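# Structural characterization, general
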Amino acid sequence: MPHKQKVLYIDYSTCIGCETCEYVCRFVHDTPRIHMMRTASGVMAPLYCRHCENPNCAKVCKRGAIVRDKSGAMILQPQLCRGCETRQCLLACPYAAMFETDTGVMLSKCDLCAGRRQIGLSPACAEMCPCGAIHFIAREDIAKIETDKSREAFERVMGHLRPGKGKEE
Amino acid sequence: MNAMNFNFLCGDPPPASARSVGIIGAGPSGLAAAGYLSCLGYLVEVYDKLPKAGGLMLFGIPGHRIPKERVEAGVRRMARKYGVVFHPRTKICCSAPLHDEEGDHFCSDVRGLGDLVKKHDAIIICTGSWRSRRLGIPGENLPGVMAGLEFLFPIRAAGYAGPGIKAPDVAGKTVAVIGAGHSAVDVVHSALFLGAAKVHLLYRRTRHEAPCGSYEIDRLEAAGAAWHESVTPLRFTGEDRVTGVEIREKTLGEPGPDGKRCALPDSEHVTVIEADLVVTAIGETATPPFAKELGLENVRKGEVRWLHMTDIENLFVAGDALTGPSKIGKAVYSGLRAARSLANWLDLKDQDRLADYPYDDLVAREADRFPGGRLHR
């Protein structure tokens with residue numbers, strides 16, 4: 001793995017839920033790999049892949065269809081993915097960042113705009129976010145740009161994704 | 001702050017092509033379309049009535065939500081590096097008398113659509129939704145009753161337009177805001193920030209139905225606003241200036257079999273909320289020029305020969321002007337798709353191959369790729 005692996009980081013406290021990321025992703029990839037969630041209380045948050053260091057999705061995939069590319073992104077190989085009914089990867093992702101679709105292997109996942117990176121461009125969502133909430137940044141530098149507000153917003157979003165966890169009640 | 005990269009589809013600018021495209025409106029959809037087309041090497045000229053490109057990203061949504069530097073830097077990059085020409089303060093005439101919409105007073109130049117159609121190979125109309133919805137109740141024309149955009153617009157515009165434009169004077173006053181969408185939230189925050197003594201937020205349903213979500217309402221209450229739900233504004237009170245809103249309050253019962261909650265019997269009563277200023281933030285409607293002549297209704301329904309093309313062959317339409325008020329993301333997407341459709345059309349036309357692609361087929365194929373909505377909007 002390269003020394004400085006770049007991943008996406010979204011500051012949920014500066015995101016306004018405008019859906020530009022999702023629609024730009026849709027334009028570039030036809031099926032979006034980032035999805036704006038709206039919780040029952042109206043909190044908007046884009047769900048996105050962290051390209052984890054220990055990715056659960058790859059661990060549970062019996063086909064080995066989710067692999068790391070040479071710059072560190074977790075890539076779905078549609079040739080190996082059989083779109084299995086178990087949907088293990090979908091369930092295993094702690095960030096709800098694997099998306100069920102109605103085309104192909106019926107699964108879509110962020111590859112950090114692999115085709116764009118090949119020609120020296122950055123992930124499209126980060127380029128177009130009006131708020132500058134989406135960072136394409138080295139994993140070890142994320143801590144430097146986190147704020148109290150962003151951590152609080154992250155916890156709030158995760159509270160909706162994994163209710164019960166991290167709460168006392 | 002990095003630039004918002006409207007030219008995200010290309011690296012260095014491509015060789016210039018001989019094509020010239022005009023874009024009317026420099027909001028999210030217009031700028032996205034300009035980015036796409038300038039990445040093809042087209043000469044793109046963008047016309048906008050406001051003194052700066054950015055549309056409601058700059059002039060509607062408060063700066064603490066969208067940093068203006070990021071939008072400005074993206075526009076500057078597009079102009080300097082990709083040769084996009086911006087014509088600010090230029091209104092392309094006209095869906096309504098000038099000075100009918102917010103922001104019209106900035107215009108120093110008015111041009112006809114016909115001139116543009118002749119000047120450019122093709123045009124995209126991205127004029128957005130600028131006319132505020134009205135409640136249609138008595139007293140709405142009283143001084144002191146204003147629409148959401150009318151309230152928010154000068155706050156951002158004051159920085160660009162010189163002494164003529166002033167932020168609304170609410171210091172020490174009581175403000176009532178009607179609506180519970182994101183612009184209502186922004187009005188409440190701005191009013192509190194500008195020093196309003198008391199801010200009431202009125203909504204016809206409950207916080208659980210509020211378009212901005214109950215979380216935002218909780219935050220507004222924490223910031224000091226008073227929330228009134230299940231109230232219906234009946235009329236604005238006052239003689240020569242608004243003094244308050246007369247409302248009907250009710251208490252809702254448990255949801256019935258159809259999930260709707262009806263008012264409890266005898267729970268309805270009429271009261272008046274005193275206010276020095278009332279802001280009706282209940283949404284906007286699209287303001288495209290020549291909606292009827294261009295057959296925009298058909299474009300909207302997808303009954304078109306070519307995606308996003310109007311009844312005039314080289315005239316395309318995108319963004320909120322087509323769909324009505326939406327979100328930045330949808331507007332961007334619509335602008336990108338209109339730009340791609342326009343470029344495809346110009347390419348085929350130049351090669352005299354338009355007949356190879358039956359229009360209907362093209363639109364249908366596009367619809368197949370986006371199930372769940374004919375043109376996925």
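Being a predicted model, the structure only gives us computed values, none of them experimental.

## Remarks on the interface of chain B and chain A
- Taken together, the contacts link 26 residues of chain B with 23 residues of chain A.
- Of all the secondary structure elements, the ones that give two or more residues to the side of chain B that touches chain A are helix H3 (68-82), helix H7 (214-223) and helix H10 (328-350) of chain B.
- Per-element accounting of the side of chain B that touches chain A gives the leading share, six residues, to H10(B).
- In the side of chain B that touches chain A, the residues fall into 14 nonpolar, six polar and six charged.

## Here's the deal with the nonpolar core
Residues and elements named next belong to chain B.
- By size, the foremost hydrophobic cluster in this structure holds 150 residues, and its most contacted members are Ala33, Ile124, Val177 and Val317.
- When residues in this core are grouped by element, the largest group, nine residues, is from H10.
- In contact with Val317, not counting residues within four places along its chain, are Ile124, Ile125, Pro288, Leu294, Leu296, Val299, His308, Thr310, Leu322 and Ala338.

## Focus on the sheet that holds strand E9 (residues 174-178) of chain B
Residue and element names in this part refer to chain B.
- Pairing is parallel across the open sheet formed by five strands, whose spatial order is E8-E15-E9-E10-E11. For this open sheet the edge positions go to strand E8 (145-147) and strand E11 (226-228), each flanked by a neighbour on one side alone. This sheet shows a mean twist of 20° between the axes of neighbouring strands, independent of strand direction.
- The pairing of strand E10 (residues 198-202) with E11 spans three bridges and is classified as parallel. Bridging from a neighbouring strand, Leu201 pairs with Trp227 of E11.

## With respect to the domain arrangement of chain B
All names here are of chain B.
- By domain assignment, chain B separates into domain 1 (20-131 + 284-369) and domain 2 (138-280).
- The centre of domain 1, based on its C-alpha atoms, is set 32 Å off from the matching centre of domain 2.
- Taken together, the contact pairs 12 residues of domain 1 with 11 residues of domain 2.
- Here the residues of the side of domain 1 that touches domain 2 sort into six nonpolar, three polar and three charged.

## Brief notes about the sheet that holds strand E1 (residues 20-24) of chain B
Residue and element names in this part refer to chain B.
- Reading across the sheet, the five strands line up as E3-E2-E1-E6-E17 and stay open at both edges, with parallel pairing between neighbours. Since the sheet does not close on itself, it has two edges, and those belong to strand E3 (85-87) and strand E17 (315-317), each with one partner. Sheet twist, expressed as the average angle between the axes of neighbouring strands with direction ignored, equals 20°.

Definitions and limits used
One numbering rule holds for all chains: residues counted from 1, following each sequence as written. By the order in which they are written, chains take letters starting at A while ligands take numbers starting at 1. Owing to the predicted nature of the model, reporting of local features is limited to residues with pLDDT of at least 70; listing and counting of side-chain atom pairs is limited to 80 or more, with chain, interface and lining totals taken over all residues. We call two residues in contact when the distance between their C-beta atoms, placed using the backbone, is within 7 Å. Strands here are runs of E lasting at least two residues and helices are runs of H or I lasting at least four, both read from the DSSP assignment and numbered beginning at the N terminus. Note on residue classes: Ala, Val, Leu, Ile, Met, Phe, Trp, Tyr, Cys and Pro are nonpolar, Asp, Glu, Lys and Arg are charged, and everything else, Gly too, is polar. Each nonpolar core consists of buried Ala, Val, Leu, Ile, Met, Phe, Trp, Tyr and Cys residues. Their C-beta atoms, within 7 Å, join them into a set. Residue burial is a threshold on neighbouring C-beta atoms within 10 Å of the residue's own C-beta, all placed from the backbone, with 20 or more meaning buried, 12 or fewer meaning exposed, and counts in between meaning partly exposed. Here, strands pair whenever DSSP counts at least two bridges between them. Here an angle of 0 to 180 degrees is reported between the N-to-C directions of two axes, which are lines fitted to C-alpha atoms, with helices fitted over the stretch in contact. Note that the domain bounds were set by an automatic or database domain assignment.

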